[in-house]
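Each chain, written out:
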Protein chains: 2
Amino acid sequence: MPKQKRDAEATKAKIIKNAMILFSQNGYDATTADDIATACGVNKAMIFYYYKNKAGLYEAVMSEALSAIHTEVITSEKCCVSPLADLEAFIRTYASYCEQNPYLPSLLLRELSNSGTHLPEMMFSSMRQLFTLLSEILTAGQKQGIFQNAQPMIIYFMIVGTMNLMITTKPLRLKAAQLQEELDTCSDCSMEEIADYIFTKTKLMLEVKNETSTTCA
Amino acid sequence: MPKQKRDAEATKAKIIKNAMILFSQNGYDATTADDIATACGVNKAMIFYYYKNKAGLYEAVMSEALSAIHTEVITSEKCCVSPLADLEAFIRTYASYCEQNPYLPSLLLRELSNSGTHLPEMMFSSMRQLFTLLSEILTAGQKQGIFQNAQPMIIYFMIVGTMNLMITTKPLRLKAAQLQEELDTCSDCSMEEIADYIFTKTKLMLEVKNETSTTCA
DNA sequence: TCTATAATTAACTCACCAGTTAGTTAATTA
DNA sequence: TAATTAACTAACTGGTGAGTTAATTATAGA
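This write-up is about the structure you can find in this document. Bear in mind the structure is a predicted one, so any value in this text is a computation, not a measurement.

1. Points about the interface of chain A and chain B
Okay, step 1: Facing the 54 residues of chain A at the interface are 54 residues of chain B.
Okay, step 2: Carbon and sulfur atoms supply 67% of the area buried between chain A and chain B, which totals about 4,900 Å² over both sides.
Okay, step 3: The largest contributions to the chain A side of the interface with chain B come from Ile154(A), Leu172(A) and Tyr197(A), which together make up 13% of the buried area.
Okay, step 4: Where chain A packs against chain B, one counts 15 residue pairs in polar contact (both at pLDDT 80 or more).
Okay, step 5: For the side of chain A that touches chain B, the elements supplying multiple residues, two or more each, are α1 (8-26), α6 (103-113), α7 (121-143), α8 (152-168), α9 (170-179) and α10 (191-205) of chain A.
Okay, step 6: Considering every element that reaches the side of chain A that touches chain B, the biggest residue donor is α8(A), with 11 residues.

Right, here's the structure in full:
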């Protein structure tokens, strides 16, 4: 069954994949069904055949992207027991996932900048779950007296929002750095370095006493 | 001259104002020239008469919004001499400006999530200037040994990006808090409180030794 | 091998929207 | 006050994009 002339799953996947890329590059409105169809060498009608309408496709795309990252963070986050280690795992996993799937950040930011006006319920709850996760890590740490004065929402945006922005603005930052040499836009920072820096700064923000080695297995 | 039947400046201003609101609420593509025209009770043709095309109008809107915030931050930032006071002024001014002009954050975020694909040159340089400002404050502080290990780009996003996100997500955060009571989404934090919190955390991040009163005149 | 069904396609429709145009009315100036 | 210009309008156009439809082809099961 390696190659078939007809393979529903394969075409569905092709559509999702290309739609994700195009949506994240050009936004929802500026991406046409024809664009997506030609991008994956599939007849436009197939999009409507499988996903009913454009909004349905969009929802499917976001669902895919969000559930993927959610399980990734959830599963890898179990690695250690201390809140500090969990925090580190959270940041690192999110960073590495986003690096491998650079479409997600711009999709998320766009959605947030819409203030979720047309945000489908599923997406909303998925985003909430990710926040809840960090929120729980923070309250746990606070109860154990490891973290001080953690407003979860603001901390969440300082971590996740900043990583999202660093990814989506990469080309912009490069351009700015070329135009104005004395400007340090972190234009060739790797995502790992960024995650590292953010983790260090988050520890300072939360006034974590002292590093009793936090590296995971 | 209080009321004229014809007032070019007034209609131009009306168009900009309503366009700004609609663009920030619905995005560029989803906002039609007809929408804007009816919103300000002006004939659609006037939009093209004054701004040539939709892109021209958009550029004018962004130019307006950005130059306003830029001068606001620039002028009020002069208040003190120390980098720490300047940092505080930067954060506070940005916060209060955004609160009064809640359109800007969503416009900015949308633009950033586009990775500046259609970003007009003027806007790009305007955004750069704001970043340059913070960048200079940080390097000054670092030279004086007040700030430690400041990566300007990341710090910038942790401050400005977070404030932008807190503003645009306000309705979303409210909804999430209502659905899930135990979740603290900072849903009734004022912008002042948020700015305060961010400033406090930024000081920790930059390892500022100790507060020798930073309030401005 | 025949048949039912799922996958796929080309060629449409219809609504909507950016931008135009030709003409009208108010203000300005000579 | 006549003429010129600037502000404004109603009605149009052309293109585009979401979604449909009716027909066609592959595939699996009996």
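2. Focus: the relation of the copies chain A and chain B
Okay, step 1: It takes a turn of 180 degrees to lay chain A on chain B, together with a shift of 0.0 Å along the axis; the resulting RMSD is 0.0 Å. Taken together, these values place the two copies in the relation of a two-fold axis. When C-alpha positions in chain A are compared against the rotation axis, the closest is assigned to Met158(A), at 2.4 Å.
Okay, step 2: Interface residue correspondence from chain A to chain B reaches 100%, placing this contact among same-surface, isologous pairings.

3. Some remarks on the protein's contact with DNA strand C
Okay, step 1: Contacts to DNA strand C come from 20 residues, most closely from Arg6(A), Arg6(B), Ala33(B), Lys44(B) and Lys54(B).
Okay, step 2: Counting only the atoms of DNA strand C that lie within 4 Å of the protein, the sugar and phosphate share comes to 60%.
Okay, step 3: A distance of 3.2 Å separates a phosphate oxygen of DNA strand C from a polar atom in the side chain of Thr11(A).
Okay, step 4: Between DNA strand C and the protein, one listed contact pairs a phosphate oxygen with a backbone N or O atom of Thr31(B) at 3.5 Å.
Okay, step 5: Of all the secondary-structure elements, those providing two or more residues to the surface near DNA strand C are α1 and α3 (44-51) of chain A together with α3 (44-51) of chain B.
Okay, step 6: With 4 residues, the top contributor of residues to the surface near DNA strand C is α3(A).

4. Description of the pattern of salt bridges
Two side chains carrying opposite charge are able to pair once their charged atoms lie near each other.
Okay, step 1: Considering all chains together, one arrives at 8 salt bridges over all chains under this definition.
Okay, step 2: Across the salt bridge formed by Asp34(A) and Lys44(A), the nearest N and O atoms sit 3.7 Å from each other. Here the residue Asp34(A) occupies a position in helix α2 (residues 33-39), and Lys44(A) occupies one in helix α3, the gap between them amounting to 10 residues.
Okay, step 3: Judged by its relative accessible area of 35%, Lys44(A) is partly exposed.
Okay, step 4: The partner of Arg92(B) in a salt bridge is Glu88(B), with the nearest N and O atoms 2.2 Å apart. Taken together, the residues Arg92(B) and Glu88(B), both in helix α5 (residues 83-100) and 4 residues apart, mark about one turn of the helix.
Okay, step 5: The class for Arg92(B) is partly exposed, based on a relative accessible area of 29%.
Okay, step 6: For Glu88(B), a relative accessible area of 8% puts it in the buried group.
Okay, step 7: One connected set of salt bridges, linked through shared partners, spans Glu88(A), Arg92(A) and Asp196(A).

What counts, and at which threshold
- Residues numbered from 1 in each chain as written.
- Chains lettered and ligands numbered in written order.
- Predicted model: local features only at pLDDT ≥ 70, side-chain atom pairs only at ≥ 80, totals over all residues.
- Heavy atoms only, no water.
- Contact = heavy atoms within 4.5 Å.
- Buried area = accessible area lost by both parts, 1.4 Å probe.
- Polar contact = N/O pair within 3.5 Å; in protein donor to acceptor, adjacent residues only side chain to side chain.
- Helix = DSSP H or I, 4+ residues; strand = E, 2+ residues; numbered from the N terminus.
- Least-squares fit on C-alpha atoms with pLDDT ≥ 70 in both.
- Near = heavy atom within 4 Å.
- Salt bridge = Lys/Arg side-chain N within 4 Å of Asp/Glu carboxyl O.
- Buried < 20%, exposed > 50% of the residue type's maximum accessible area, 1.4 Å probe, protein only.

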